[in-house]
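# Breakdown of the fold
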Amino acid sequence: MIIRLFKNSKYLVFLIIHLFLSLSALSETPSCLLYKVEGKNDFGSYVASITEFPNGEIVWNASYKEKWKNEYGVEELWFGKKYDNFAEFKVRSHSFLSQVGSNKLSKEQFQARETVIIDLMDPSKITKPISIKCKFDDTWNDKREKKLITAGMSNPFLVNLAKFIAIDSVVDWYQKQPQLDPYRDNQDFKSKNFYSITDLTDESFYQKEKKVLRLRNLKPNSFSLMEAQLKNLSLSFSLKEKAEIVDDQTFQSNINEIGLFQLKQDQVDIPDGDSALWTSMYFVALVNKYLVTKDVKTYQRAIKVLNGILLLLKISENSEEFARGIMPYKTTTPFNERWIRGSPPYNHLYWLPGSNNDMIKGLILTFAWSTKFISPKDPLFQELKWAVKKLKSVKLKRLNGLNQAYIEGLDAIYNNSEEGYYQFIKKYLSNQNALELLGLNRQFYIHGVADWSGINLAMVSANAFYIIAEAIEKKWSMLPPIFWPSDGFPDYTRDATWVKVQQQKTIKELAKMFVGAKRDFLCLMNHSLNSKELGPAPESCFASLKETPAYIPDEALAFDYRLKEDFIFSSMPDLPWKSIPNRQPAEQHLLPNVLYPKYEGESFTSQMMWKEGFSYMDFKPEKFRVPRVDYLFSYWSYQYFQNR
């Protein structure tokens with residue numbers, strides 16, 4: 001029938017043939033012109049190719065014979081346009097660093113652009129072009145993405161609370177500051193928008209070419225090459241490879257001989273006032289890693305760190321206090337006046353008093369995860385039993401009901417306290433109900449600005465509660481649940497399983513709150529604990545882990561985003577409650593409206609990146625060592641929950 005139609009209709013046959021020829025033409029790969037170039041500049045000798053596409057786009061791809069730092073090959077990848085017989089490229093010498101070593105950039109130097117024009121018909125430098133089939137290398141694709149951070153559901157209680165405690169007056173005061181004048185006409189300034197930028201461009205390239213630095217429309221110099229090195233050190237390693245590297249770095253440079261967290265510059269140990277919390281988070285990372293790998297070295301490290309954490313409770317002669325950190329005494333260590341010398345047998349140590357709500361969360365987290373790590377037959381288990389009893393006697397300015405709930409739960413686990421089991425449920429209920437009602441357990445945004453440190457504590461709290469509830473669920477499964485009468489509502493019963501489910505919901509709500517803000521742990525744990533509903537974590541949950549450099553170069557480095565052409569400060573202050581009741585300097589509240597990739601600055605000095613706000617400038621001294629507790633905590637927690 002179809003053939004008969006063709007025979008009876010010459011016009012139809014003509015159309016079909018014409019269509020076939022058109023499709024055949026479209027299916028053919030268009031032709032490009034390829035030029036070869038050899039040359040030399042201030043950096044060294046290079047061999048390059050220039051690919052000219054039919055639409056006038058030009059790609060310059062050059063490889064240098066010289067290596068940077070005697071280690072890295074250097075490749076230029078420039079995109080430009082053809083005009084007549086000339087190729088034109090707009091290039092720069094800097095992208096995000098404002099200082100490398102002793103070299104600092106002014107705003108004019110940072111923003112400077114250069115136009116490179118190449119005469120494609122110059123036979124003394126460029127070979128005669130040959131025709132090739134056009135092929136666009138997949139690794140050339142630009143994968144830099146800017147996303148609006150959708151965070152902070154409206155909470156009437158918090159809005160009213162903000163007015164009551166005078167946060168609105170702080171916002172009004174802040175918005176009148178002259179530092180904001182240059183940005184007032186910007187639409188993002190007016191709309192209070194916050195953004196995050198993820199940049200995994202060249203990830204596939206660096207996975208293959210681990211010792212090459214690619215410069216995209218950048219000329220080689222100490223700034224552009226250092227920037228490329230930071231990106232290479234972030235993207236050229238698998239997440240597992242990076243986890244091993246940063247674990248070794250953290251243990252060797254940032255865990256002292258006591259087993260506790262510290263900073264280090266060159267060979268000088270630097271005390272950290274939040275050692276109890278960060279050490280505990282590192283301990284959890286080690287435990288999760290050991291549970292997944294059964295690695296002996298990891299077990300030994302975890303035991304050393306656990307002994308250090310237990311020492312925090314032993315060194316204080318006051319039964320109501322524990323240490324925030326402990327350091328062996330060295331003449332080179334820059335102790336301040338708050339650090340005091342221990343009494344015998346600890347007189348060779350200095351410790352920092354001032355135990356508080358944040359630090360006790362670290363101890364609780366440690367003892368929670370020790371339930372999965374230390375057997376009741378292990379001598380350390382007896383020390384944990386004592387430590388939990390000591391923790392019950394600690395007096396803090398804010399030893400709130402939730403902290404008491406944790407400790408009662410730990411007492412139920414380690415000291416077989418049936419009363420501890422019931423107190424764990426009761427204290428959790430009495431506090432959690434209020435938090436649920438007011439939305440304070442998950443909504444940390446006021447005026448679009450978060451208490452970033454609060455996010456970290458909320459995350460740690462949910463993690464600890466989940467593990468404690470899981471251990472109680474296993475140990476006290478035969479006990480009846482709590483009967484909880486509630487005025488105006490039907491009576492109901494609650495047990496450890498219910499607490500565990502509540503923590504799954506809390507993590508889920510927190511993850512919703514900070515979509516796009518690169519709080520990787522929340523995203524990963526949300527998908528782990530709610531896997532039946534959400535499945536495995538998507539690639540977007542690993543953004544900041546991928547952007548974390550495996551190594552930080554020894555050179556002094558700095559960034560100052562104010563040098564960028566499109567930089568603006570947010571119209572909302574960072575942590576406005578810090579200026580209640582006394583106004584802090586306005587500079588302490590300045591907050592950029594963009595969160596950049598981690599290797600573009602934030603990873604230089606931060607030991608807990610998801611705790612930080614949006615930094616707009618920072619300086620890393622030469623040979624300054626920071627741990628990667630945040631990376632290890634996220635990565636190994638996810639591996640544990642996915643593999644158990």
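Just so it is clear, the structure is predicted and the values come from calculations on it, not from any experiment.

## Remarks on the overall build of the chain
What the chain contains, in helices and strands, is 21 helices and 25 strands. Buried residues in the chain amount to 55% of all 644 residues. Within the chain, residue pairs in contact and separated by at least 24 positions form 72% of the contacts whose partners lie at least 6 positions apart. Approximately 29,600 Å² of the chain is accessible, and the part contributed by carbon and sulfur atoms is 53%.

## As for the sheet that holds strand 7 (residues 103–104)
With antiparallel pairing, four strands are arranged side by side in an open sheet as 7-6-22-24. Across the chains shown, the open sheet's two edge strands, defined by having one partner strand only, are strand 7 and strand 24 (617–620). Two elements, strand 6 (residues 97–100) and strand 22 (residues 557–560), share three bridges in a ladder whose sense is antiparallel. Paired with Leu97 across the strands is Phe559, a residue of strand 22. Set on the sheet, helix 8 (residues 222–235) makes contact with strand 6, strand 7 and strand 22; between it and strand 6 the angle comes to about 105°.

## Comments concerning the packing of aromatic side chains
Throughout the structure, instances matching the rule amount to 41 aromatic pairs. Grouped by ring-pair contacts, the aromatic residues Phe43, Tyr46, Trp60, Tyr64, Trp78 and Phe89 constitute a single cluster. A cation sits over an aromatic face here: Lys146 above Tyr195, 4.6 Å from the ring centre. Across from the ring centre of Phe205, 3.8 Å away, lies the NZ or CZ of Arg214, which sits over that ring.

## Section: the sheet that holds strand 14 (residues 268–270)
One open sheet holds the three strands; their spatial order is 14-13-25, and the pairing between them is antiparallel. Strands at the two margins of the open sheet, each flanked by one partner only, are strand 14 and strand 25 (624–625). Here three bridges tie strand 13 (residues 263–265) to strand 14, and the two strands are oriented antiparallel to one another. Its bridge partner lying in strand 14, Lys264 is registered against Asp269.

## Observations concerning the pairing of strand 15 (residues 325–328)
Residues Gly325 and Met327 of strand 15 are buried on one face, and the alternating residues Ile326 and Pro328, pointing to the opposite face, are buried as well. Strand direction decides the pairing type here: strand 15 and strand 17 (residues 349–352), joined by four bridges, are antiparallel. Residue pairing across strands places Met327 opposite Tyr350, the latter belonging to strand 17.

## A short note on the packing of helix 10 (residues 275–293) against helix 11 (residues 296–314)
Interhelical geometry of helix 10 versus helix 11 gives an angle of 150° and a closest axis separation of 9 Å. Relative to helix 11, the element helix 10 lies roughly antiparallel. Here helix 10 and helix 11 pass one another in a crossing that is left-handed. Two secondary-structure elements touch here, helix 10 through Ala276, Thr279, Ser280, Tyr282, Phe283, Leu286, Lys289 and Tyr290 and helix 11 through Thr298, Tyr299, Arg301, Ala302, Val305, Leu306, Ile309 and Leu312. For the contact of helix 10 with helix 11, a count of residues per class yields 11 nonpolar, three polar and two charged.

## Side note on the packing of helix 12 (residues 357–370) against helix 13 (residues 379–393)
Packed helices, taken two at a time, are described by the angle their axes make and the gap between the axes. Where helix 12 meets helix 13, the closest approach of the two axes is 11 Å, and the angle between their N-to-C directions is 150°. For the element pair helix 12 / helix 13, the angle class is roughly antiparallel. Once helix 12 is placed against helix 13, the crossing between them reads as left-handed. Contacts between helix 12 and helix 13 involve Ile360, Leu363, Ile364, Phe367 and Ser370 from the first element and Leu384, Ala387, Val388 and Leu391 from the second.

## With respect to the state of the cysteines
Inspection of every chain in the model, using the stated rule, returns two disulfides. Two residues share a disulfide in this structure: Cys32 and Cys134, whose sulfurs sit 1.8 Å from each other. Judged by the sign of its S-S torsion, about 110°, the cystine formed by Cys32 and Cys134 is right-handed. Residue Cys32 is found in strand 1 (residues 31–40), and its partner Cys134 is found in the loop between strand 9 (130–133) and strand 10 (144–148); the two are separated by 102 residues along the sequence. Each disulfide of the chain joins two cysteines, and with those cysteines numbered along the sequence the arrangement is 1-2, 3-4.

## Re the pattern of salt bridges
In the structure shown here, the tally under the stated rule is 39 salt bridges. With a shortest N-O distance of 3.3 Å, Arg301 and Asp247 are connected by a salt bridge. In this pair, Arg301 sits in helix 11 while Asp247 sits in helix 9 (residues 239–254), placing the two residues 54 residues apart along the sequence. Across the pair, exposure class does not vary: Arg301 and Asp247 are buried alike. Of the charged contacts in the structure, one is a salt bridge between Lys330 and Glu257, with a shortest N-O distance of 3.9 Å. Linking Lys330 in the loop between strand 15 and strand 16 (340–341) with Glu257 in the loop between helix 9 and strand 13, this pair joins segments that are 73 residues apart in sequence. What makes Glu257 exposed here is its relative accessible area of 52%. Three or more residues joined by partner-sharing salt bridges are found here, namely Glu244, Asp247, Asp248, Lys289, Lys297 and Arg301.

## Description of the nonpolar core
Counting 120 residues, the largest nonpolar core has Met281, Ile326, Ile364, Phe367, Trp369, Leu391 and Ile468 as its most contacted members. Per element, the largest residue contribution to this core is 14 residues, and it comes from helix 16 (residues 452–475). Every residue in contact with Ile326, bar those within four places of it in the chain, is listed here: Asn256, Leu260, Leu311, Leu312, Ile315, Trp339, Leu349, Tyr350 and Trp351. Judged by nonpolar contacts, the second largest core, of 58 residues, contains Leu105, Phe110, Leu213 and Leu233.

## A look at helix 13
The first and last C-alpha atoms of helix 13 sit 23 Å apart over 15 residues, in line with the 21 Å expected at 1.5 Å per residue. Taken residue by residue, helix 13 has Leu380, Phe381, Leu384, Ala387, Val388, Lys390 and Leu391 as its buried positions. At the N-terminal boundary of helix 13, the capping side chain belongs to Asp378, with an oxygen 2.8 Å from the backbone nitrogen of Leu380.

Thresholds applied
- Residues numbered from 1 in each chain as written.
- Predicted model: local features only at pLDDT ≥ 70, side-chain atom pairs only at ≥ 80, totals over all residues.
- Heavy atoms only, no water.
- Helix = DSSP H or I, 4+ residues; strand = E, 2+ residues; numbered from the N terminus.
- Buried < 20%, exposed > 50% of the residue type's maximum accessible area, 1.4 Å probe, protein only.
- Contact = heavy atoms within 4.5 Å.
- Areas by Shrake-Rupley, 256 points an atom, 1.4 Å probe, with all protein chains shown as cover.
- Pairing = 2+ DSSP bridges.
- Axes fitted to C-alpha atoms, helices over the stretch in contact; angles between N-to-C directions.
- Phe/Tyr/Trp six-rings, centres within 6.5 Å; stacked < 30°, edge-to-face > 60°.
- Lys NZ or Arg CZ within 6 Å of the ring centre and 35° of its normal.
- Parallel < 35°, antiparallel > 145°, perpendicular 65-115°, else oblique.
- Left-handed = near helix turned anticlockwise from the far one by under 90°.
- Nonpolar A, V, L, I, M, F, W, Y, C, P; charged D, E, K, R; others polar.
- Disulfide = S-S within 2.5 Å.
- Salt bridge = Lys/Arg side-chain N within 4 Å of Asp/Glu carboxyl O.
- Core = buried A, V, L, I, M, F, W, Y, C linked by side-chain atoms within 4.5 Å.
- Expected span 1.5 Å × (residues − 1).
- Polar contact = N/O pair within 3.5 Å; in protein donor to acceptor, adjacent residues only side chain to side chain.

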